[in-house]
Every structure is written in structure tokens, then in C-alpha cells.
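Commentary on secondary and tertiary structure
Listed below are the residues making up each chain.
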Amino acid sequence: MLTQDELKSLLSYNRRTGVFKWRVSPCGNVKRWSVAGSLNEEGYRFIDIRGRTYRAHRLAWFYVTGKWPAEHLDHKNCDHDDNRFTNLREASLAQNNQNRVRPNTGNSSGVLGVSWDIRRQRWRAQIWVEGRSRSLGHFKHKTEARRAYLAAKRELHPFFAGV
């Protein structure tokens, strides 16, 4: 398991920018003081250290606190590559999900909390609260359904940062 001292000997971390840079060259094609890691398709930065891959936001937490996060870490502003320490907070899975702003990949509407109800020929808005789906109504326009969802999200998801 990676120790905090080992992490600090390999990488520098700027708390204001959230950027990790290599203190030492990890391999021949990566230069010292270059930005560490690469982005995946969801926008998370991953850093390989001695054969193991770490999420940069978890490394940032460990770098500053000396402890691995107990559960999940949430990016308050929903930008997965913004690893400034002030943008990170420990969260349960439910809390982390409350701060989502992007729909799942399979979402046909392209809008979180909104789907097309083929039977009613209307846009349906719904929100999950404490493990249960709650209907917010059916709407003629997708923008109306989105507005209803965001209003409910602000009221029912206390962990939502409102970005």
C-alpha cells in the first residue's frame, strides 16, 4: 500500500490548483515536473504509481490528510478533473449521487431526471429520494420537465451544490 511519505516523494500537489506534478521521472518518456496522470472518458484524472492506478482526487485527499477517504469523494463543482482540496468532500454514495449533474450514458433525453413517456407522449420528470423514485409530473416540453427536476433537486437533495 502506498504511504503518504512515498506519495510526497514521487509527486508534488498544489492545493490551490489541484494539479499533481512528478518530482521524479516515473519512466523514460515522462519528464520531471510534468503534469501527472491522464483523463478517462468520464473526465476523471488517473495516475499510475508503481504499477497501480489511482484516482487523482483520492490521492489529493491522502496527500493532504494522510488518510484514505472512508467512502466516496465528491467534487463539489461536479468537475471531475478539478482536484483542488477545497473542491473535495467526503461523501456517502447517496450524497455523491445527489450532486450529479450529468445523466447516465443510456439516458435518451440527455437530461438528468427527465425521460420520454411513450404512452402519454410527454416528458416525465422524476427524482430519487432515499432509494425511492418520486414522480414530479409530465410535461409537454423537455425544458419544463428539467426545470421541475432541478427545483426538486434543490429542495430534496441537501448535498447538491447547485452548480
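A brief look at the structure comes next. Predicted model, so just to flag it, every value in this text is computed and none were measured.

Side note on the sheet that holds strand S8 (residues 114-117)
A sheet is described by the order of its strands in space; here three strands give the open sequence S8-S9-S10, paired in antiparallel fashion. Unpaired on one side and paired on the other, S8 and strand S10 (132-139) mark the two borders of the sheet. Here the average twist between neighbouring strands, direction ignored, is 35 degrees. The pairing of S8 with strand S9 (residues 122-129) spans four bridges and is antiparallel. For aspartate 117, the partnering residue across the bridge sits in S9 and is arginine 122. Against the sheet, helix H4 (residues 142-156) contacts S8, S9 and S10, and its axis sits at roughly 15 degrees relative to S9.

Points about the packing of aromatic side chains
Scanning the entire structure with this criterion turns up seven aromatic pairs. Ring centres of phenylalanine 62 and tryptophan 68 lie 4.1 Å apart, and the angle between their planes is 10 degrees; this geometry places the pair in the stacked category. Here phenylalanine 62 falls in the buried class, since its relative accessible area comes to 5%. Through a chain of ring-to-ring contacts, three or more aromatic side chains come together here, namely Tyr13, Phe20 and Tyr63. A cation over a ring is seen here: lysine 8 above tyrosine 63, with NZ or CZ 5.2 Å from the ring centre. Across the ring face of tyrosine 44, the terminal group of arginine 55 is positioned such that the distance to the ring centre comes to 4.6 Å.

With respect to helix H2 (residues 56-65)
Of all 10 residues in H2, seven are buried, a share of seventy percent or more. Three or more residues of H2 are buried, namely Ala56, His57, Leu59, Ala60, Trp61, Phe62 and Tyr63.

Overview of H4
Taking 1.5 Å per residue as the helical rise, H4 with its 15 residues ought to reach 21 Å, and the 21 Å between its terminal C-alpha atoms agrees with that figure. The set of residues buried in H4 consists of Ala145, Tyr149, Leu150, Ala152 and Lys153. Looking down the long axis of H4, one finds its buried residues gathered within 165 degrees of arc, a one-sided arrangement. Opposite the packed face of H4, turned more than 90 degrees from it, sit the exposed residues Thr143, Arg147, Arg154 and Glu155.

What to know about the environment of proline 158
With respect to the helices and strands, the residue proline 158 is situated in the segment after H4. Sequence spacing of proline 158 and asparagine 99 is 59 residues, and the spatial spacing of their C-alpha atoms is 8.9 Å.

Let's talk about the nonpolar core
As a rule of thumb, nonpolar side chains are buried together in soluble globular proteins. Core analysis: the largest hydrophobic core is formed by 20 residues, its most contacted members being Leu7, Leu11, Phe20, Trp22, Ile47, Ile49 and Leu59. Taken together, the elements giving at least two residues each to this core come down to helix H1 (4-10), strand S1 (11-14), strand S2 (19-22), strand S4 (45-49) and H2. Sort the elements by how many residues they give to this core and H2 lands first, with six residues.

Quick notes on the rules
Residues numbered from 1 in each chain as written. Predicted model: local features only at pLDDT ≥ 70, side-chain atom pairs only at ≥ 80, totals over all residues. Heavy atoms only, no water. Pairing = 2+ DSSP bridges. Helix = DSSP H or I, 4+ residues; strand = E, 2+ residues; numbered from the N terminus. Axes fitted to C-alpha atoms, helices over the stretch in contact; angles between N-to-C directions. Contact = heavy atoms within 4.5 Å. Phe/Tyr/Trp six-rings, centres within 6.5 Å; stacked < 30°, edge-to-face > 60°. Buried < 20%, exposed > 50% of the residue type's maximum accessible area, 1.4 Å probe, protein only. Lys NZ or Arg CZ within 6 Å of the ring centre and 35° of its normal. Expected span 1.5 Å × (residues − 1). Arc of directions from axis to C-beta. Core = buried A, V, L, I, M, F, W, Y, C linked by side-chain atoms within 4.5 Å.

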